[in-house]
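# Results of the structural survey
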Amino acid sequence: MNETDYSVAFAENEKQANLYVARCMRVLAAVIAVIWLLNVVGVFIVPKTIMAVAGIGGVSLMLLPSLLLKLINQNSPRLKLYIMLCCILGITLLSAALPSHAILAWAVPVVLGCHYYSKRFSYGLLAVSVVCMAASLLFGTYFGEWDSNLLKALETDGPRTVTGDTVRRVVLFYILPRSLILCGVTIICSTLADRTRKLLERQIKDSADKQQIASELSVATHIQTSMLPRIFPAFPAQKEFDIYAMTNPAKEVGGDFYDFFLVDDDHLAVVVADVSGKGIPAALFMVIAKTLIKDHAQRGTSPDVVFTEVNRLLCEANDEGMFVTAWLGVLELSTGHLSYVNAGHNPPLLRRAGGGYDYLRTRSGFVLAGVEETRYRSCSLELAPGDALFLYTDGVTEATDAEKQLYGEERLAAALNSHKDYAPKELLSAVRDDVEAFVGQAPQFDDITVLSLCYYGQTQGI
């Protein structure tokens, strides 16, 4: 976090504070105008000429900042000085006319100065305010409102008589205690301003940290996405099959993944998996699992051996207790023979040529990274030209609408059968649209991954 970031934020705050202070001063202008009218009708006993000067001058000075905001560049650091100087001078005029009533007004510049979050600025306002307050009260002693009891200047009421002793008493019993009170108010207000400044700095830092995390997550999303096959058609030269897949993580990065690759010229490996949890931990574990599965499957070993060995490796350093549900199939392109193994994953759906999609329910093995000694067994089936396979993660069937209802297996099968003759890409788009229509505005809680494989055989092109 550098100083430039703070300066930009405080400059923006200063602009907002200028607007706020100017608005408050417009309220003070209205107050001064009311006081002036009260003096006109005899509520205050102040010479009308003195009160007229204080009233007109005070109202003008209080309204001047609103004009300055339109005339002066709001990015100017001097603008706040001009605004607060208008405030102090306006109160000076009011205090000179009404020394015994306007004392509370001297807290206004200090309080308004807190909005700039600067101790130095607050103490500067205090110094100017004390000087102007002393000047206004001395002036008021000679020409302003006369209150001998409050000033303690005379023993009895009588005509205004100002002597050296009167001035001394005004300073000791009027200016000095009020200056001390104003100092106390300033200290309290500046402490509050300092605390607010620190909170703002912390907020700026937290915001910067969040932006950095968001940027890093964006990079992580790109890296994770780049690890999955993204170019379709994936194998333009291969006419024996068509394949398409898509994933939609619930967060920036997720634990779902799919993969497909040619083991050799006659064997296609297909993987769909779901790591427990979501977010960065799941994404990291996903990278490890995907790499291990592909590394072992490319050796040409059977799916059951692949999962048995991958499970052992995942269990070796799994202190967080994470696990993976996965489905791996290896299709022999020349014959349509599919050897597959299921490690606790959702059952895929199989469509025979000319028929509909039905769940391929075979005995499932335990999840990967669950128990180190787990041994997996392969299953097999024969695909005929025109057969299709649909793989997915539980983010599809467990998608939830606003009423907490699950999308479920029945809806998935119905959506597939409503578009059973679609090519893989169009089929997945239709399923995605159906899930989104069901969920509506409800948030997505789990990653969603789908894959479709259609087998055409050796004699039929796509």
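First, a word on what this report is: a plain description of the structure on this page. (Residues numbered from 1 in each chain as written. Predicted model: local features only at pLDDT ≥ 70, side-chain atom pairs only at ≥ 80, totals over all residues. Heavy atoms only, no water.)

### Details of the pattern of salt bridges
Quick note on the threshold: Only one rule defines a salt bridge in this text: a Lys or Arg side-chain nitrogen within 4 Å of an Asp or Glu carboxyl oxygen. Helix and strand labels come from DSSP, where a helix needs a run of H or I of at least four residues and a strand needs a run of E of at least two; each type is numbered from the N terminus. Throughout, exposure labels follow a simple rule: accessible area from a 1.4 Å probe, protein chains only, divided by the maximum for the residue type, with under 20% read as buried, over 50% as exposed, and the rest as partly exposed.
In the structure shown here, the tally under the stated rule is eight salt bridges. Measuring nitrogen to oxygen at the nearest pair gives 2.8 Å for the salt bridge that ties Arg312 to Glu316. On the criterion of helical spacing, the pair formed by Arg312 and Glu316 is a turn pair, its members being four residues apart in helix α9 (residues 303-316). A relative accessible area of 30% means that Arg312 is categorised as partly exposed. We note a salt bridge from Glu409 to Arg361, for which the minimum N-O separation is 2.8 Å.

### Concerning unusual backbone geometry
The residue after Phe232, namely Pro233, is reached through a cis peptide bond having omega 0°. Note that Pro233 resides in the loop between α7 (164-227) and β1 (241-248). Positive phi outside glycine occurs at Ala369, with the angle close to 70°. Structurally, the position occupied by Ala369 is in the loop between β7 (357-359) and β8 (379-382). Owing to a relative accessible area of 6%, Ala369 belongs among the buried residues under this scheme. Of note, the phi angle at Lys404 is positive, near 65°, even though the residue is not glycine. With respect to the element layout, Lys404 can be found in the loop between α10 (394-397) and α11 (408-418). Note on Lys404: relative accessible area 62%, which makes it exposed.

### Here's the deal with the sheet that holds strand β2 (residues 256-264)
Basically, it comes down to this: Paired strands are those between which DSSP finds at least two bridges. In this analysis an axis means a line fitted to C-alpha atoms, helices contributing only their contacting stretch, and an angle means the value between N-to-C directions, from 0 to 180 degrees. Any two residues whose heavy atoms approach within 4.5 Å are treated as being in contact.
Here we have five strands laid out as an open sheet, ordered β2-β3-β4-β5-β8, and antiparallel in their pairing. Only two strands of the sheet have a single neighbouring strand rather than two, namely β2 and β8. Direction aside, neighbouring strands of the sheet carry axes that sit 15° apart on average. Here nine bridges tie strand β3 (residues 267-275) to strand β4 (residues 324-332), and the two strands are oriented antiparallel to one another. Note that in β4 the partner of His267 across the bridge is Glu332. The strands that helix α8 (residues 279-297) touches are β2, β3 and β4; relative to β2, the one it contacts most, it runs at about 15°. Packing of α9 onto the sheet brings it into contact with β4 and β5 (337-343), and relative to β4 it is tilted by some 150°.

### Section: the packing of aromatic side chains
Quick reminder of the rule: What counts as a ring pair is set by centres within 6.5 Å for rings of Phe, Tyr and Trp (its six-membered ring), and what kind of pair is set by the plane angle: stacked under 30 degrees, edge-to-face over 60, tilted for all other angles. Both a distance and an angle decide whether a charge sits over a ring: NZ of Lys or CZ of Arg must be within 6 Å of the ring centre and within 35 degrees of the ring normal.
Evaluation of the coordinates by the stated rule reveals nine aromatic pairs. Considering the side-chain rings of Phe235 and Phe260, the 6.2 Å spacing of their centres and the 70° angle between planes classify their relative orientation as edge-to-face. One end of the pair, Phe235, is in the loop between α7 and β1; the other, Phe260, is in strand β2, with 25 residues separating them in the sequence. Of the residues examined, Phe235 reaches a relative accessible area of 22% and is grouped as partly exposed. For Phe260, a relative accessible area of 4% translates into the label buried. Seen from their ring centres, Phe390 and Tyr392 are 5.9 Å apart, and the 20° between their planes marks the pair as stacked. Residue Phe390 is classed as buried on the basis of its relative accessible area, which comes to 0%. One aromatic cluster in this structure is built from Phe232, Phe235, Phe241, Tyr244, Tyr258 and Phe260. Against the face of Phe121 rests Lys80, its NZ or CZ located 5.6 Å from the ring centre.

### Brief notes about the nonpolar core
Defined as follows: In these notes, a set of buried Ala, Val, Leu, Ile, Met, Phe, Trp, Tyr and Cys residues joined through side-chain atoms within 4.5 Å is what counts as a nonpolar core.
One finds Phe307, Leu314, Val324, Leu368, Leu451 and Leu453 to be the most contacted residues of the largest nonpolar core, which totals 50 residues. When near neighbours in sequence (up to four residues on either side) are disregarded, Val324 contacts Ala273, Asp274, Val275, Phe285, Ala289, Leu314, Ala343, Val367 and Leu368. In terms of nonpolar packing, the next biggest core, distinct from the first, is built from 43 residues, Ile32, Ile83, Tyr116 and Val170 among them.

### What about a nonpolar patch on the surface?
We apply this condition: Two joining distances apply to patches: 9 Å for like charges and 5 Å for nonpolar side chains (Val, Leu, Ile, Met, Phe, Trp, Tyr), and every residue must have over 30% relative accessible area and no salt bridge. All accessible-area figures derive from a Shrake-Rupley calculation using a 1.4 Å probe, and residue coverage is judged against the displayed protein chains alone.
On the surface, a cluster of nonpolar side chains totalling about 430 Å² of accessible area is made up of Val34, Leu38, Val40, Val41 and Val43. Take Leu38: it is sitting in helix α1 (residues 3-40).

### Quick look at the pairing of β2
Of the pairings in the sheet, the one linking β2 to β3 comprises eight bridges and is antiparallel in character. Looking across to β3, one finds that Phe261 is bridged to Ala269. Hairpin connection between β2 and β3: a loop of two residues separates the two successive antiparallel strands.

### With respect to the side chain of His296
Take His296: it is sitting in helix α8. The contact partners of His296, leaving out residues within four places of it in the chain, are Thr301, Val306, Glu309, Val310 and Leu313.

### Looking at the sheet that holds β1
Taken in spatial order, the five strands make up an open sheet running β1-β10-β9-β6-β7, and their pairing is antiparallel. Only two strands of the sheet have a single partner each, and these edge strands are β1 and β7. Each strand of the sheet is rotated relative to its neighbour by a mean of 15°, with strand direction disregarded. In terms of strand pairing, strand β9 (residues 388-392) meets strand β10 (residues 448-455) through five bridges, oriented antiparallel.

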